[in-house]
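Summary of structural features
Listed below, chain by chain, are the residues.
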There are 2 protein chains.
Amino acid sequence: MLELRTPKGTIDYSPRETMLISKIIDKSISIFKKHGAVCIDTPTFELKEILTNKYGEDSKLIFDLADQGGDICSLRYDLTVPFARYLASNKIAKIKRYQIGKVFRRDNPVVTKGRLREFTQCDFDIAGNYLEMTADAEIIKICVECLSSFDLGQFCISINHRKMLSAIFKIASIPSDLHLTVCSSIDKIDKIQWEAVKLELISKGIDDSQAEIIKKYISKTGSNDLLNELKNDTIYGLEEGKEAIDDLLLLMKYLKIYKIENIVQINLSLARGLDYYTGIIFEASFKQEEVGAVIGGGRYDNLVDGILKSANRKDFTVPCVGFSVGITRIYTLMQKKYKNIKDNDTLVLVVSSGDQFLENKMEILNELWDNNIPAESVFTKRNDFLAQLKYCEQKNIKFCLIIGQDEINSNSVKIKNILKDENFEYIQRDDLVGFIEKNRI
Amino acid sequence: MLELRTPKGTIDYSPRETMLISKIIDKSISIFKKHGAVCIDTPTFELKEILTNKYGEDSKLIFDLADQGGDICSLRYDLTVPFARYLASNKIAKIKRYQIGKVFRRDNPVVTKGRLREFTQCDFDIAGNYLEMTADAEIIKICVECLSSFDLGQFCISINHRKMLSAIFKIASIPSDLHLTVCSSIDKIDKIQWEAVKLELISKGIDDSQAEIIKKYISKTGSNDLLNELKNDTIYGLEEGKEAIDDLLLLMKYLKIYKIENIVQINLSLARGLDYYTGIIFEASFKQEEVGAVIGGGRYDNLVDGILKSANRKDFTVPCVGFSVGITRIYTLMQKKYKNIKDNDTLVLVVSSGDQFLENKMEILNELWDNNIPAESVFTKRNDFLAQLKYCEQKNIKFCLIIGQDEINSNSVKIKNILKDENFEYIQRDDLVGFIEKNRI
């Protein structure tokens, strides 16, 4: 027996939902374009080996295509690795681009919280060799502009630096082959308590005193004050620690010029599980909402070079920094706010007071369509007049236009603005398009 | 060694290409909305069994996901079957909807002709029980509006009726279990000669005299004249033949009201290979182009009911008619026309005449961004003045704004409209936003 459902972790989006999602995407795109970005598109699946060794412990979540002969492929897990592959394949060393598309993760889905196996990502990245932290600062500025445009209340961007974590791990004498798996554990701290994270760390071979050193650092949050405090800490004596702290101080200086320094917080527990980050990492979330991070990103300076090296090509350095907007999560939040959004553009419903005026309705519709006026008729078999008026209300259509024998005889139509509770008025057929144009807004 | 390429039959789209594709999609969407359509979205993959037995001989082209435990899934082959599943799952009996998304076919790709393994479809369908041929006529009207909006020259829509083919098969005494495979063969007639089609038919068990009867009918094309000729033919004596001819005559009557009867041609060789069509079928192509059909569609009255029956649900009838716009093929045609389309929105490039004015540039950028003016700076390490001007030209940016020590001292900027060959003019910093707003267009 056929099961009438979508696959686990995937959902259908209704007209109202699709309308909301395209609002979020349109807002984001207009901000990306304001910053001079171009758009690219890459395939939904990639050669499997392109995605191998890029996602740390999350690699097990990659969806594979069946081997039906020919290329061995996987569905993309994010848009970042395909972007790096795009830069490498096309030898592009400098681009400011956005890309919007579905990505796929064999995760355990919590549909109500906006965690799905298929979801839309909307990525913005700056690739190229620029003055220290200038691209990073612009990226954070763009995040703030996006978050503001969604109009979902106050938000905060947490920032950390991969080298800060490396320095902490050095101080705690964590062997380098454990760094990534320790990052994965630390990354869970916004979802589970420290005690649970600690147990996980110990199960991975970290001892109690090492865990305590990690805890000491990752519990720190702040702003310039914290960074200046860290300048007097052991950590600034380490090369990675110094680089991270100097980078973040310069970033904060530029964010002040961009008038957004109060929106960000340095948070030493932010780790982000992905393998490829090398510099700043960040996540944004709305303060009063529980869906978790709605934007995540960071700097990944070696991803393109790594891909080029694996392909035995002469590597050229393409440092990158960027972020993903979690469209599906933001949509989950917006849904609560916009319960009654109109899901169509119809301006005029052409109604007849009987079955016999089908062709007259078609003539009028055709004139409206050819004059770029959104119009519909209900061509159902039993042409119930009240049902047609109800359709007008349901779809929130502004004008109801009626024709019957009288109107046809006098070459006129009856029209009414449904949204205002006005009476029907008669207008001449020749004046129809002009009348609607005039009263469109 | 890693291969730096996309999987067979898939391609990357560059900024210029993506810009063109979104133009095609935007044009289509605005027409769909003019007809009152709403938008839905369904998953990229479906349960495999949903797609089984829907595509006739083309079922072998379906991409499967690997069995990694859990649901057995396949990538969608089109947007029509998922739409029918959506109607069935959500018990929707009436909707006018569009959907845009990637679909996947393990075909032998001819990339240069716009035939790919992954391509974008843009579907419009009307589901519901309406007066005979009213939805069908509106669907053809919408096709015409889309094709006109693409502005690629003259086009033609070929129309046939599934029942016409059934009637022809009855006259030729083709056993009903061969109908679909015969359709698949006939469908190739625009790509290969009749002689090759005939050989294929004979290999499928059709004899010479049967093939000649098929040939006699499928070589007919025309308009109302042809339909009236067929009214006097044996074919009108068969139930299916009568239904097909009456349907098409009524359709032609409505298309005349919609002022598009001259754009369509009745073509009895049009078969369309897909299993699910039950009424009119049609394809559109541009006259001077060789990419083949750019729009294809038809009526499929039993698809939703069939899915409901397979799921042991009480079936309710949801007749549907619709079409797909082959975005990728249209893009292939447009590409030739728009060679130099601007791929970005940047209006102002903020340039400094030296390395030291980084923070001043950032302040200006921030003011422009906050006033919704698309602006960029080149923050490269060696701040070559000429390289910045070149960037302005490359990206086709209208205003070049320069700051140096003199400008900072006098609280002004130098600005030039690059597109007109004017001189730089000095304006006060406070007047900057106003000046650009005024000269934006």
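Bear in mind the structure is a predicted one, so any value in this text is a computation, not a measurement. (Residues numbered from 1 in each chain as written. Chains lettered and ligands numbered in written order. Predicted model: local features only at pLDDT ≥ 70, side-chain atom pairs only at ≥ 80, totals over all residues. Heavy atoms only, no water.)

**Focus: the overall build of chain A**
Looking only at helices and strands, chain A features 16 helices and 16 strands. Computed over the C-alpha atoms, the radius of gyration of chain A is 28 Å, more than 25% above the 22 Å expected from 2.2 N^0.38 for a compact globule of 441 residues. Each principal axis of the C-alpha distribution contributes one length, and for chain A these read about 90 × 55 × 45 Å. Every one of the 441 residues in chain A was classed for burial, and the buried ones make up 60%. Contacts spanning at least 24 positions in sequence make up 67% of the contacts within chain A whose residues lie at least 6 apart. When the accessible surface of chain A is split by element, carbon and sulfur atoms take 47% of a total near 18000 Å². Charged side chains of chain A number 61 positive and 64 negative; the gap between the two group centres comes to 2 Å. (Helix = DSSP H or I, 4+ residues; strand = E, 2+ residues; numbered from the N terminus. Rg over C-alpha atoms; globule rule 2.2 N^0.38 Å. Buried < 20%, exposed > 50% of the residue type's maximum accessible area, 1.4 Å probe, protein only. Contact = heavy atoms within 4.5 Å. Areas by Shrake-Rupley, 256 points an atom, 1.4 Å probe, with all protein chains shown as cover. Lys, Arg positive; Asp, Glu negative; His and termini not counted. Charge placed at Lys NZ, Arg CZ, Asp CG, Glu CD.)

**Examining the relation of the copies chain A and chain B**
Relative to chain B, chain A is turned by 180° and slid 0.0 Å along the rotation axis, the superposed coordinates differing by an RMSD of 0.1 Å. These values place the two chain copies in the arrangement generated by a two-fold rotation axis. Of the residues that chain A buries at the interface, 100% are likewise interface residues in chain B, meaning the two copies contact each other through the same surface. (Least-squares fit on C-alpha atoms with pLDDT ≥ 70 in both.)

**Let's talk about the packing of helix H5 (residues 162-171) of chain A against helix H6 (residues 179-186) of chain A**
Residue and element names in this part refer to chain A. Viewed as axis vectors pointing N to C, H5 and H6 meet at an angle of 110°, and their least axial separation amounts to 11 Å. On the basis of their axis angle, the class for H5 and H6 is roughly perpendicular. Contacts between H5 and H6 involve Arg162, Leu165, Ser166 and Phe169 from the former and His179, Leu180, Val182, Cys183 and Ile186 from the latter. Taken together, the residues that form the contact of H5 with H6 break down as 6 nonpolar, 2 polar and 1 charged. (Axes fitted to C-alpha atoms, helices over the stretch in contact; angles between N-to-C directions. Parallel < 35°, antiparallel > 145°, perpendicular 65-115°, else oblique. Nonpolar A, V, L, I, M, F, W, Y, C, P; charged D, E, K, R; others polar.)

**Concerning the side chain of Lys54 of chain B**
Residue and element names in this part refer to chain B. When you line up the elements, Lys54 lands in the loop between helix H2 (48-51) and strand S3 (73-75). When its relative accessible area of 11% is taken as the criterion, Lys54 is described as buried. Of note is the side chain of Lys54, whose polar atom sits 3.1 Å from the backbone oxygen of Thr52. Ignoring sequence-local partners within four residues, the contact set of Lys54 consists of Glu49, Val81, Asp275, Tyr276, Leu303 and Ile307. (Polar contact = N/O pair within 3.5 Å; in protein donor to acceptor, adjacent residues only side chain to side chain.)

**Looking at helix H1 (residues 15-34) of chain A**
One turn of the α-helix equals 3.6 residues, which is why residues spaced by three or four share an orientation. Counted at 1.5 Å a residue, the expected span for H1 of chain A with its 20 residues is 28 Å, and the 28 Å between its end C-alpha atoms agrees. Phi for Gly36 of chain A, located one or two positions after H1 of chain A, is positive at around 85°. (Expected span 1.5 Å × (residues − 1).)

**Concerning the pairing of strand S11 (residues 320-326) of chain B**
Residues and elements named next belong to chain B. Here S11 lies mainly inside the structure; 7 of its 7 residues are buried. Alternating positions in S11 separate into two faces, Cys320, Gly322, Ser324 and Gly326 on one and Val321, Phe323 and Val325 on the other, with burial throughout. In this structure, strand S5 (residues 118-127) lies alongside S11, joined through 7 bridges in antiparallel fashion. Paired with Cys122 across the two strands is Val325, which belongs to S11. Two strands pair when backbone bridges link them, and strand S10 (residues 295-299) and S11 are joined in this way by 5 bridges, in the antiparallel orientation. (Pairing = 2+ DSSP bridges.)

These figures come from the coordinates and say nothing about function on their own.
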